[in-house]
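What follows is each chain in one-letter form.
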Amino acid sequence: MSTWKLTYDEFDPAEEGLREALLSTGNGFFCTRATAEWADTSDVHYPGTYVHGGFNRATTIMAGRPVVNEDFVNLPNWLVLKFRIDDDEPFKLDNVELLTYRQELDIRHGVMTRIMRFRDRAGRETTLASRRFVSMADQHLAALEWSITADNWTGRLEILSALDGRVRNWGVPRYRELESQHLNPVTARAVGPDTIALLVQTRQSRIYVAEAARTRVYGENEVIGVDRGVHQLDGYIHQTLGFQIAEGAPVRVEKMVSLFTSRDNAISEPLINAERSVARCSEFAPAMERHQRAWDQLWTASDVRIPGDERVQQLVRFHINHILQVCSPRTADIDAGVPARGLNGEAYRGHVFWDELYIYPFLNYRLPEVTRELLMYRYRRLDEARHAAREHGYRGAMYPWQSGSDGTEETQVVHLNPKSGRWDPDLSHNQRHVNAAIFYNIWEYYRTTNDVDFLWDHGAEMMLEIALFWSSIAHFNPERDRFEIHGVMGPDEFHEKYPGRDEEGVRNNAYTNVMVAWICETVGRILEILPEQRRRALTGKLGLTDDDIARFEDMSHKMFVPFHGDGIISQFEGYEDLEELDWDAYRARYDSIQRLDRILKAEGDDPDRYKLAKQADTLMLFFLFPEERLQRLFHKLGYPYEADTAERNIKYYDKRTSHGSTLSFIVHAAIEAEIDPEGSWDMFLTALESDIGDIQGGTTREGIHMGVMAGTLDLVQRAYLGSEVRDDMIAFKPKLTDRLNGLAMPMEFRETPLEVLLQDGKLTVKVLTHGHGNAVKVRVNGTVKEIPVGESHTFELATSGPRTGSRSAAAARA
């Protein structure tokens with residue numbers, strides 16, 4: 001088994017959509033699904049190419065009223081290569097007998113290969129091998145190569161190479177009732193003998209998108225002469241290339257493609273630059289060599305080596321590959337957020353949610369310049385967040401639950417329930433906790449990198465504005481002598497409001513309120529870090545007064561946190577009074593109950609009535625904060641936090657969580673790592689397999705899940721290796737050392753590159769010589785050592801078992 005390859009040895013129409021997402025190729029600027037080059041959109045195939053920031057709004061009339069949605073636009077299909085032998089019909093899999101088939105992603109180098117041998121109705125046998133990549137060395141370049149061998153025949157072959165801008169957004173079945181046409185044709189033309197070009201424009205956002213394709217045919221050593229023809233329609237152009245092929249003599253077809261948009265930097269006009277770029281690009285082989293070198297360089301900074309389990313190693317590397325397809329050094333040069341479903345599908349319409357919370361920890365220690373630019377996506381939309389806060393009667397900045405092109409709230413008004421076929425109201429815009437996540441992300445980036453320039457120039461401004469928002473949405477309850485927050489939704493998502501009430505949201509979501517207490521405490525540290533001149537300028541700009549600072553201090557120790565009578569932290573006020581669900585009955589009736597909300601609504605019931613959760617909510621606190629920090633927060637708030645608080649809450653909520661989001665597996669695995677290592681490992685394996693196994697029953701084909709993929713990497717780094725930043729040092733507290741024996745990974749701490757190795761009960765940290773850093777203080781299980789540049793230190797690890805009284809998560813759920 002190769003841990004650098006993902007291979008399928010047969011063609012399965014039912015699985016093709018999933019494989020198109022899994023085997024996609026991208027470079028952090030644009031990404032293309034692994035659709036067969038000859039395939040048109042159908043129930044089996046869906047060609048798709050997506051670029052960061054490629055949004056367009058469209059209006060659909062539903063029930064007599066206009067509904068506006070912003071979509072992630074499927075760009076012109078550059079893959080199109082078709083062929084026919086002599087005068088027969090064009091090749092399709094359903095008109096030949098497939099003799100062999102193999103499709104493979106080279107995880108290390110981002111190259112997708114498909115090799116097949118088939119027999120047509122005339123008995124001719126042909127081998128077709130294709131390779132493609134989206135260049136990590138040149139953000140505008142993609143390349144496709146066919147090698148065709150006539151195994152038992154000689155004749156004429158005609159190739160059709162096209163750029164097709166007639167595409168629609170059709171990749172998510174539940175969106176198909178909505179307007180799906182987002183592109184208008186502008187122009188198509190032939191450029192010289194071997195190049196065609198196409199220009200389209202998004203209909204509302206008016207983004208120009210240009211593609212140019214150079215197609216050549218090669219014999220053994222050189223370009224061979226072909227008969228060429230060009231045909232074009234609105235939004236479409238193709239070129240035909242006809243030539244003779246001899247039995248047993250392979251012929252190569254190369255299609256080199258460039259893609260530019262009007263959002264790009266340093267261009268004249270997209271079509272001109274696309275044509276110029278493809279004219280200058282090399283042939284396929286040297287272009288792929290440069291692409292592979294760029295990937296090699298990325299793996300030097302990103303690889304996580306787990307030698308003890310080949311399947312775990314393969315999937316960890318597969319997840320890293322997908323993270324880098326979306327967030328690479330190319331991303332640091334553009335205005336981009338992190339689409340929750342990556343760049344290879346249309347699910348969630350390409351929008352940016354709170355999934356950054358799971359993605360940035362991996363990037364912070366490897367590609368901090370990418371995290372910085374992704375955080376700038378939020379800063380550039382700060383004014384829109386300020387406007388949203390004012391519109392709702394609040395101060396500061398209120399970021400949207402779903403963000404797209406310009407930072408306005410993109411959460412849809414209605415959402416299709418595929419279980420019932422009905423469009424239900426969508427109240428998820430009340431997930432104001434996204435603002436806490438943004439604050440947390442900025443702070444953790446700063447702590448990991450010590451990027452004071454970013455904090456001074458951008459980060460502090462966002463954080464203070466977010467704190468002002470929370471200060472204004474909270475109100476003081478004199479009867480409790482506590483601050484409260486009403487009308488919000490927690491991460492759970494199943495509880496949109498109280499049962500039988502019209503008022504949106506719930507009161508005092510525990511996760512939200514504790515996060516707000518921490519935010520208000522952290523504001524004081526931010527103000528201390530800022531130089532006096534910058535602090536005065538910023539507080540003046542924001543209108544931040546001494547009274548505001550005093551209110552932050554009050555909120556840091558007076559936020560209300562609801563508890564059950566038995567000491568369990570209540571997910572929100574009133575949660576204890578909800579009904580218990582008969583989980584066994586629903587498991588017996590349905591193959592999967594992950595999306596209990598849809599099941600209950602389809603039955604005419606209401607998930608708001610029950611003690612259940614789609615994903616970790618209260619438990620997010622134990623995921624984001626080390627236990628001693630959380631204990632300190634609760635004690636400052638005047639609430640008890642006992643030695644078994646975490647374990648009791650985990651057991652309580654684990655039994656009431658459907659894990660309708662794969663992010664939930666990440667959280668539960670992380671917080672059980674110390675309490676129940678084997679249960680944690682089971683959850684980790686489930687998360688690792690979730691996208692490649694499509695455990696949610698068809699969602700991955702609509703786009704991979706960035707949060708769970710990056711979350712599995714964060715599990716290894718933060719939960720199992722136990723890494724965290726403590727003041728001016730990096731700390732480790734390894735767990736599951738038997739499962740992870742031999743674990744090795746590069747990390748970068750405050751511009752200093754490290755190599756970390758977990759081996760035979762020892763943790764070795766080496767401070768590498770390249771980079772700009774200095775000696776690094778490292779803490780391992782309480783032992784602190786300052787390691788100079790170029791040296792390493794090995795820490796002995798004390799063996800310790802799980803906490804007394806723990807039991808496996810699997811047993812608890814049983």
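Residues numbered from 1 in each chain as written. Predicted model: local features only at pLDDT ≥ 70, side-chain atom pairs only at ≥ 80, totals over all residues. Heavy atoms only, no water.

Thoughts on the overall build of the protein
This is how it is decided: A run of H or I in DSSP counts as a helix once it spans at least four residues, and a run of E counts as a strand once it spans at least two, with each numbered from the N terminus. The globule rule used for comparison is 2.2 Å times the number of residues to the exponent 0.38, while the radius of gyration itself is calculated over C-alpha atoms. Exposed residues in this analysis have more than 50% of their type's maximum accessible area, buried residues have under 20%, and partly exposed residues fall in between, with area computed by a 1.4 Å probe over protein chains only. Any two residues whose heavy atoms approach within 4.5 Å at even a single point are treated as in contact. Computed with a 1.4 Å probe, the accessible areas rest on the Shrake-Rupley method; for each residue, only the protein chains presented here act as cover. Asp and Glu count as negative and Lys and Arg as positive, but His and the ends of the chain are not part of the count. Where a charge sits is defined by one atom per residue type, namely NZ (Lys), CZ (Arg), CG (Asp) or CD (Glu).
Within the protein one finds 21 helices and 30 strands. Taking 28 Å as the expected radius of gyration for a compact globule of 814 residues, we find that the protein reaches 28 Å, a close match to that expectation. Along the longest, intermediate and shortest principal axes, the C-alpha atoms of the protein span 90 × 70 × 60 Å. Per-residue burial for the protein yields a buried fraction of 62% across its 814 residues. A separation threshold of at least 6 residues defines the contact pool for the protein, and within that pool the share at least 24 residues apart is 68%. Element-wise, carbon and sulfur atoms account for 46% of the exposed surface of the protein, whose accessible area totals about 29500 Å². Looking at the protein, you have 95 positive and 125 negative side-chain charges, and the mean spots of the two groups are 1 Å apart.

Quick word on unusual backbone geometry
Peptide bonds are mostly trans, and most non-glycine residues show a negative phi. The residue asparagine 450 is not glycine, and still its phi comes out positive at about 60°. Structurally, asparagine 450 can be placed in the loop between helix 8 (433–449) and helix 9 (452–473). According to the relative accessible area criterion, asparagine 450 is partly exposed, its value standing at 36%. The phi dihedral of asparagine 781 falls on the positive side, at around 50°, and the residue is not glycine. Relative to the helices and strands, asparagine 781 is located in the loop between strand 28 (776–780) and strand 29 (783–787). Taking the relative accessible area as the measure of exposure, asparagine 781 reaches 40% and is therefore partly exposed.

A word on the environment of lysine 733
Structurally, the position occupied by lysine 733 is in the loop between strand 24 (729–732) and strand 25 (744–749). Counting along the chain gives 375 residues from lysine 733 to tyrosine 358, while the straight-line C-alpha distance between them is 20 Å. Setting aside chain neighbours within four positions, we find lysine 733 in contact with Glu674, Tyr720, Leu721, Gly722 and Asn781.

Here we look at the pairing of strand 12 (residues 155–164)
Rule in force here: Here, a strand pair is defined by DSSP locating no fewer than two bridges between the strands.
Strand 12 sits mainly inside the fold: 8 of its 10 residues count as buried. By the bridge criterion, 10 bridges tie strand 12 to strand 17 (residues 236–245) in an arrangement that is antiparallel. Note on strand 17: the bridge partner recorded for leucine 157 is phenylalanine 243.

What to know about the sheet that holds strand 3 (residues 30–32)
The 3 strands lie next to each other as 2-3-4, forming an open sheet whose pairing is antiparallel. At either margin of the open sheet sits one strand with a lone partner, and together these are strand 2 (25–26) and strand 4 (49–51). With 2 bridges joining them, strand 2 and strand 3 adopt antiparallel strand pairing. Directly across from glycine 26, in strand 3, lies its bridge partner cysteine 31.

A look at the pattern of salt bridges
Stated formally: Every case where a carboxyl oxygen of Asp or Glu lies within 4 Å of a side-chain nitrogen of Lys or Arg is listed as a salt bridge.
With the rule as written, the count across this model stands at 73 salt bridges. A salt bridge links lysine 82 to aspartate 40; the nearest nitrogen and oxygen atoms lie 3.1 Å apart. Of this pair, lysine 82 sits in strand 7 (residues 81–85) while aspartate 40 is found in the loop between strand 3 and strand 4, placing the two residues 42 residues apart along the sequence. Here aspartate 40 falls in the partly exposed class, since its relative accessible area comes to 42%.

Considering the sheet that holds strand 29
What counts, and what does not: Fitting a line to C-alpha atoms yields each axis, with helices limited to the stretch in contact; the angle taken between N-to-C directions then spans 0 to 180 degrees.
Taken in spatial order, the 4 strands line up as 23-24-28-29 in an open sheet, and their pairing is mixed. With partners counted over all chains shown, the strands left at the sheet margins are strand 23 (724–726) and strand 29, one partner each. Between one strand and the next, the sheet's axes are offset by a mean angle of 30°, whatever the strand orientation. In terms of strand pairing, strand 28 meets strand 29 through 5 bridges, oriented antiparallel. Within strand 29, the position partnered with valine 778 by the bridge is lysine 785.

Quick notes on helix 3 (residues 284–302)
Formally: For a helix, the expected span equals 1.5 Å multiplied by the number of residues minus one. As used here, the arc belongs to the directions running from the helix axis to the C-beta atoms.
The end-to-end C-alpha distance of helix 3 is 26 Å, a good match for the 27 Å that 19 residues give at a rise of 1.5 Å each. Among the residues making up helix 3, those that are buried are Phe284, Ala287, Met288, His291, Ala294, Trp295, Leu298, Trp299 and Ser302. Take helix 3 and look down its axis: the buried residues cluster within an arc of 145°, on one side only. Away from the buried face of helix 3 by more than 90 degrees, exposed residues Gln297 and Thr300 are located.

Observations concerning the packing of aromatic side chains
Defined as follows: Aromatic rings from Phe, Tyr and Trp, with only the six-membered ring used for Trp, were paired whenever their centres fell within 6.5 Å, and each pair was classed as stacked if the ring planes differed by under 30 degrees, edge-to-face if by over 60, and tilted otherwise.
Across all of its chains, the model carries 38 aromatic pairs by this definition. Centroid distance phenylalanine 563 to tyrosine 639: 5.3 Å. Interplanar angle 40°. Geometry classified as tilted. Of the two residues, phenylalanine 563 sits in the loop between helix 12 (546–558) and helix 13 (583–589) while tyrosine 639 sits in the loop between helix 16 (627–637) and helix 17 (645–654), which places them 76 residues apart along the sequence. Taking the centre distance of 6.2 Å and the plane angle of 10° together, the rings of tyrosine 586 and tyrosine 590 count as stacked.

What to know about the packing of helix 19 (residues 677–690) against helix 20 (residues 706–720)
As a reminder of what qualifies: Throughout, the term roughly parallel applies to angles under 35 degrees, roughly antiparallel to angles over 145, roughly perpendicular to angles from 65 to 115, and oblique to all others. Note on convention: near helix rotated counterclockwise from far helix by under a right angle means a left-handed crossing. Clockwise means right-handed. The classification used treats Ala, Val, Leu, Ile, Met, Phe, Trp, Tyr, Cys and Pro as nonpolar, Asp, Glu, Lys and Arg as charged, and all other residues, Gly among them, as polar.
Where helix 19 meets helix 20, the closest approach of the two axes is 8 Å, and the angle between their N-to-C directions is 150°. The orientation of helix 19 relative to helix 20 falls into the category roughly antiparallel. Helix-helix and strand crossings are classified by hand; for helix 19 and helix 20 the assignment is left-handed. Contact residues: helix 19 offers Ser680, Trp681, Phe684, Ala687, Leu688 and Ser690, while helix 20 offers Val708, Thr712, Leu715, Val716 and Tyr720. Counted by class, the contact of helix 19 with helix 20 contains 8 nonpolar, 3 polar and no charged residues.

What about helix 2 (residues 270–280)?
So the rule is basically this: Here a polar contact is taken to be a pair of N or O atoms separated by no more than 3.5 Å, where protein atoms must pair a possible hydrogen donor with a possible acceptor and residues adjacent in sequence count only if both atoms sit in side chains.
Among all positions in helix 2, only Pro270, Leu271, Asn273, Ala274, Glu275, Ser277 and Val278 are buried. For helix 2, the secondary structure elements touched by its buried residues are strand 13 (183–191), strand 14 (195–202), strand 15 (208–218) and strand 18 (251–261). The N-capping residue of helix 2, defined by a side-chain oxygen 3.1 Å from the backbone nitrogen of leucine 271, is glutamate 269.

A look at the side chain of threonine 662
Considering the arrangement of structural elements, one finds threonine 662 in the loop between helix 17 and helix 18 (663–671). Here threonine 662 falls in the buried class, since its relative accessible area comes to 3%. Residue contacts for threonine 662: discarding those within four places in its chain leaves Ser690, Ile695, Gln696, His705 and Val708.

So, the packing of helix 5 (residues 356–364) against helix 6 (residues 368–380)
Interaxial distance between helix 5 and helix 6 falls to 8 Å at its minimum, and their mutual angle equals 145°. Helix 5 and helix 6 meet at a crossing whose hand is left-handed. Between helix 5 and helix 6, the contacting residues are Glu356, Tyr360, Leu363 and Asn364 on the first element and Pro368, Val370, Thr371, Leu374, Leu375 and Arg378 on the second. Of the residues contributing to the contact of helix 5 with helix 6, the split by class is 6 nonpolar, 2 polar and 2 charged.

Considerations on the nonpolar core
In a soluble, globular protein the nonpolar side chains are often hidden away together inside. Which entries qualify depends on this criterion: By nonpolar core is meant a set of buried Ala, Val, Leu, Ile, Met, Phe, Trp, Tyr and Cys residues that side-chain atoms within 4.5 Å join together.
In this structure, Trp354, Leu363 and Phe732 are the most contacted members of the largest nonpolar core, which totals 177 residues. Beyond its immediate chain neighbours, meaning those up to four positions away, leucine 363 contacts Ile323, Cys327, Pro368, Val370, Thr371 and Leu374.

Describing the confidence of the model for the protein
Heads up, the rule is: Confidence of the predictor in every single residue is expressed as pLDDT, which spans 0 to 100.
On average, the protein scores 94 in pLDDT, and the residues at 70 or more come to 97%. Considering only residues more than four positions removed or in separate chains, one finds that residues 804–814, a stretch of pLDDT under 50, has 18 contacts.

A look at the environment of threonine 686
With respect to the helices, strands and loops of the structure, threonine 686 is situated in helix 19. C-alpha of threonine 686 to C-alpha of glutamate 496: the two residues are 190 residues apart in sequence and 28 Å apart in space. The contact partners of threonine 686, leaving out residues within four places of it in the chain, are Phe665 and Ile695.

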